[in-house]
Amino acid sequence: MTTAQFQPYTTYQEYPEAEMHRRAEEFYAEMRRRRSVRAFADRPVPRAIIERCLAAAGTAPNGANLQPWHFVAVSDPVVKQRIRLAAEEEERAFYQERAPQDWLDTLAPLGTDEHKPFLEIAPYLIAIFAQPYGVAEDGRKVKHYYVTESVGIATGFLIAALHHAGLATLTHTPSPMGFLNTILGRPEHERPFLLLVVGYPAADVQVPVITKKPLAAIATFV
């Protein structure tokens, strides 16, 4: 086993307490503005912005620093159409056959159904894959740890980075999502985790009126 290399943590930045409060409040205010949208403009997004946001996602903490994720950024209209057709096929089966009634009742106020035009209209789809194991150059399998937790954290980083850059997102999880491996040519040791729709919100987009739980309902100090 290779011994880990260590170096001084010189990139840490400490702030005066007043500045810490200000930064925390500003970040909270910015994230409160974030909303998932289901109607996107077809305006193009510069690839460089997507690249920087993906790089930010790649800085997320993860099990043993094995970074068990892969992101596929899709802008090709033909590929987006293939993804839409495959996703809508799974969604039809979900809404008409597989979903329990209580889940359908929960979704009803949001107005969602099997039709997903945003998968073609949005300038980018980012397919996020989780890797239960990696493959070394000599073909050996390398087990990854805390894969779901790691990829979930990286996805959160990505959503925050895209929002911070001025873009809107939607998390989309057709089930099953194995068609993404086929369409995007990903290997069998990767499993689709989530499909992130990315772009500018449509000018006439509307979002549901919802509230978030107060801090007292989601956190406990002991």
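To be clear, the structure that these remarks concern was listed above.
Residues numbered from 1 in each chain as written. Predicted model: local features only at pLDDT ≥ 70, side-chain atom pairs only at ≥ 80, totals over all residues. Heavy atoms only, no water.

1. Some words on the overall build of the protein chain
Condition: To qualify as a helix, a DSSP run of H or I must reach at least 4 residues; to qualify as a strand, a run of E must reach at least 2; elements of each kind are numbered from the N terminus. We call a residue buried when its accessible area falls under 20% of the maximum for its residue type, exposed when it is over 50%, and partly exposed in between, using a 1.4 Å probe and counting protein chains only. Between two residues, a contact is recorded if the distance between any of their heavy atoms is within 4.5 Å. Each accessible area is a Shrake-Rupley result for a 1.4 Å probe, and residues are judged covered by the shown protein chains and nothing else. Counted as positive: Lys and Arg. Counted as negative: Asp and Glu, with His and the chain ends omitted from the count. A charge is said to be at NZ when it belongs to Lys, at CZ for Arg, at CG for Asp and at CD for Glu.
Counting secondary structure elements, the protein chain contains eight helices and six strands. Each principal axis of the C-alpha distribution contributes one length, and for the protein chain these read about 55 × 50 × 40 Å. Relative to its full complement of 222 residues, the protein chain shows a buried share of 36%. Within the protein chain, counting contacts between residues at least 6 apart in sequence, those at least 24 apart form 80% of the total. Split by element, the accessible area of the protein chain, about 14600 Å² in all, is 55% carbon and sulfur. Counting 23 positive and 25 negative side-chain charges, the protein chain places the centres of these two groups 2 Å from one another.

2. So, the pattern of salt bridges
Note the threshold: Salt-bridge detection follows one rule: a side-chain nitrogen of Lys or Arg within 4 Å of a carboxyl oxygen of Asp or Glu.
Under the counting rule described, the total for this entry stands at eight salt bridges. Among the salt bridges present, the one from R22 reaches E26, with a minimum N-O distance of 2.5 Å. One end of the pair is R22 and the other is E26, both in helix α1 (residues 17-32) and four residues apart, which spans about a single turn. Look at E26 and you get partly exposed, because its relative accessible area is 45%. In this structure, the salt-bridge partner of E190 is R186, at a minimum N-O distance of 2.8 Å. The network of salt bridges with common partners includes E19, R22 and E26.

3. Thoughts on the sheet that holds strand β2 (residues 124-130)
Heads up, the condition is: Should DSSP find at least two bridges between two strands, the strands are taken to pair. In this analysis, axes come from line fits to C-alpha atoms, helices being fitted only over the stretch in contact, and the angle between any two N-to-C directions falls in the range 0 to 180 degrees.
Strand order in the open sheet formed by four strands is β1-β2-β6-β5, and the pairing between neighbours is antiparallel. Here the strands that pair on one side only, and so sit at the sheet edges, are β1 (69-74) and β5 (168-172). The average angle at which neighbouring strand axes cross in this sheet is 20 degrees, direction not considered. Relative to strand β6 (residues 191-199), β2 is paired through seven bridges, and the arrangement is antiparallel. If you follow F129 over to β6, its bridge partner there is P192. On top of the sheet, helix α3 (residues 77-98) reaches β1, β2, β5 and β6; it is set at about 115 degrees to β1, its chief contact. Along the sheet, helix α6 (residues 147-165) makes contact with β1, β2, β5 and β6, crossing β6 at roughly 5 degrees.

4. Focus on the nonpolar core
Condition: We call a set of buried residues a nonpolar core when its members are Ala, Val, Leu, Ile, Met, Phe, Trp, Tyr or Cys and they connect through side-chain atoms within 4.5 Å of each other.
Membership of the largest hydrophobic core comes to 25 residues, with the highest contact counts inside it found for I50, F71, I126, L158, L162, L196 and V198. With seven residues, the top contributor of residues to this core is α6. Apart from the residues within four sequence positions on either side, I50 is in contact with V45, A73, Y124, I126, L162, L167 and V198. By size, the runner-up hydrophobic cluster in this structure holds 22 residues, among which are A87, L125, L170 and I183.

5. Thoughts on the packing of aromatic side chains
Note the threshold: Think of it this way: a Phe, Tyr or Trp ring, Trp meaning its six-membered ring, pairs with another when their centres are within 6.5 Å, and the plane angle makes it stacked under 30 degrees, edge-to-face over 60, tilted otherwise. Distance and angle both matter: a charge sits over a ring if NZ of Lys or CZ of Arg is within 6 Å of the ring centre and within 35 degrees of the ring normal.
Within this structure, the stated rule accounts for two aromatic pairs. Aromatic side chains Y9 and Y12 sit 5.8 Å apart centroid to centroid with 50 degrees between the ring planes, which places their arrangement in the tilted category. Of the residues examined, Y9 reaches a relative accessible area of 64% and is grouped as exposed. Between the NZ or CZ atom of R43 and the centre of the ring of Y200, over which it lies, the distance is 3.7 Å.

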